[in-house]
Amino acid sequence: MLIEEMKHHECSAMLARATVARLACAVDNQPYVVPIHIDFADGFVYSFSTMGQKIQWMRLNPLVCLEIEEFTSPKQWATLVVFGQYEELPDKPEYTYPRSMAERLFQRHPMWWEPASVPLAGHPHRSPILFRIVVARMSGRRAEPDVSDVREIPTSASNQRRPRWLERTLSRLLRRQS
Ligand SMILES: Cc1cc2nc3c(=O)[nH]c(=O)nc-3n(C[C@H](O)[C@H](O)[C@H](O)COP(=O)(O)OP(=O)(O)OC[C@H]3O[C@@H](n4cnc5c(N)ncnc54)[C@H](O)[C@@H]3O)c2cc1C
């Protein structure tokens, strides 16, 4: 297996494809991680929540981290780690534009917001909170099968068309040798 760093544009493309991320925040040296739905536009990650622990914690400490993954197999995956700052988008005139960006997201994926917008049984209604993460930096790593993994392919498959990852690995090796 080969693991390589992803370029910045590849990280941005992966973030744009992502629909779910793990959001990590921390207060008093205690980390807290939950999955959330996300959308990415113009350097901001948009999301939506009701009041609860993660909002309380991000208000206290706005430095957060997101983790996103695309898993194909144990030898073929990509992961993204995004560092950023929590910014709440209250219903005030100065937040009209970012709120409209976030609302566009809800219109595209109405099912995402149903759990947050419907009150829990036995609990009072909780007002929705729009927020975004201002992306400060991100890194991506991608794993692909190595040439040693090629040996694992049964000989009966050798006459078939080679998959893209194998073409890429072989051409990389040939480039290194030349
Ligand atoms: C695929 C997916 C997408 C989601 N998308 C969103 C989203 O876009 N916006 C959103 O607000 N929520 C989303 N959720 C739910 C989210 O993960 C949290 O469960 C929820 O937001 C409550 O978080 P909170 O910090 O407000 O917890 P609170 O309701 O304040 O509860 C606090 C305590 O409950 C426990 N807890 C909270 N959440 C979880 C959990 N998921 N699993 C186990 N224990 C938990 C923890 O022990 C925590 O200390 C999503 C969940 C999934 C699975």
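Worth saying up front: this structure is predicted, and the values here are computed from it rather than measured.

## Section: the packing of aromatic side chains
Remark: the centre distance and the inter-plane angle together describe each pair of aromatic rings, the angle taken between the planes.
Reasoning step 1: Tallied over the entire structure, the rule returns three aromatic pairs.
Reasoning step 2: Judged by centre distance (5.6 Å) and plane angle (55°), the rings of Tyr-32 and Trp-57 are tilted. Here Trp-57 lies in helix 2 (residues 53–60) and Tyr-32 lies in strand 3 (residues 30–37), a separation of 25 residues in the sequence.
Reasoning step 3: Residue Trp-57 is classed as buried on the basis of its relative accessible area of 16%.
Reasoning step 4: Directly above the aromatic system of Phe-44 lies the positively charged group of Arg-132, at a separation of 3.7 Å from the ring centroid.

## Digging into the pairing of strand 3
Reasoning step 1: As judged from the eight bridges shared by strand 2 (residues 20–27) and strand 3, these two strands associate in the antiparallel manner. Opposite Val-27, over in strand 3, you have Gln-30 as the bridge partner.
Reasoning step 2: Between strand 2 and strand 3, which pair antiparallel in sequence order, lie two residues; one of them, Asp-28, sits at a positive phi of approximately 50°.

## Observations concerning the site of the ligand
Reasoning step 1: In the neighbourhood of the ligand, twelve residues make up the surrounding shell, with Tyr-32, Pro-35, Phe-48, Gln-53 and Lys-54 lying closest.
Reasoning step 2: Taking Tyr-32, its side chain carries an N or O atom lying 2.8 Å from an oxygen atom of the ligand.
Reasoning step 3: Relative to its unbound accessible surface of 870 Å², the ligand loses 52% to contact with the protein.
Reasoning step 4: Secondary structure elements with two or more residues in the shell around the ligand: strand 3, strand 5 (44–50) and helix 2.
Reasoning step 5: Tallying contributions element by element places strand 3 first for the shell around the ligand, with five residues.

## Looking at unusual backbone geometry
Reasoning step 1: Positive phi values are uncommon outside glycine, yet Asp-28 reaches one of about 50°.
Reasoning step 2: Mapping Asp-28 onto the fold places it in the loop between strand 2 and strand 3.
Reasoning step 3: Judged by its relative accessible area of 72%, Asp-28 is exposed.
Reasoning step 4: If you check the backbone angles, Asn-29 has positive phi at about 65° while not being a glycine.
Reasoning step 5: Counting through the fold element by element, Asn-29 comes out in the loop between strand 2 and strand 3.

## Description of helix 1 (residues 8–17)
Helical geometry: 3.6 residues make up each α-helical turn, so side chains three or four residues apart lie on a common side.
Reasoning step 1: Buried within helix 1 we find Cys-11, Met-14 and Leu-15. Down the axis of helix 1, the smallest arc covering the buried residues is 100°, so these residues share one side. Seen from the buried face of helix 1, the exposed residues on the opposite side, beyond 90 degrees, are His-9 and Arg-17.
Reasoning step 2: Contacts from the buried residues of helix 1 go to strand 4 (39–41), strand 5, strand 6 (63–73), strand 7 (76–88) and strand 8 (128–144).

## What about the pairing of strand 7?
Each regular strand carries side chains that alternate between the two faces of the sheet.
Reasoning step 1: In terms of strand pairing, strand 6 meets strand 7 through ten bridges, oriented antiparallel. Of the residues in strand 7, the one forming a bridge with Glu-70 is Ala-78.
Reasoning step 2: Across twelve bridges, strand 7 lies against strand 8 in antiparallel orientation. Counterpart to Thr-79 in the pairing with strand 8 is Arg-141.

What counts as what
Residues numbered from 1 in each chain as written. Predicted model: local features only at pLDDT ≥ 70, side-chain atom pairs only at ≥ 80, totals over all residues. Heavy atoms only, no water. Phe/Tyr/Trp six-rings, centres within 6.5 Å; stacked < 30°, edge-to-face > 60°. Helix = DSSP H or I, 4+ residues; strand = E, 2+ residues; numbered from the N terminus. Buried < 20%, exposed > 50% of the residue type's maximum accessible area, 1.4 Å probe, protein only. Lys NZ or Arg CZ within 6 Å of the ring centre and 35° of its normal. Pairing = 2+ DSSP bridges. Near = heavy atom within 4 Å. Polar contact = N/O pair within 3.5 Å; in protein donor to acceptor, adjacent residues only side chain to side chain. Areas by Shrake-Rupley, 256 points an atom, 1.4 Å probe, with all protein chains shown as cover. Arc of directions from axis to C-beta. Contact = heavy atoms within 4.5 Å.

So yeah, pure geometry; function would need other evidence.
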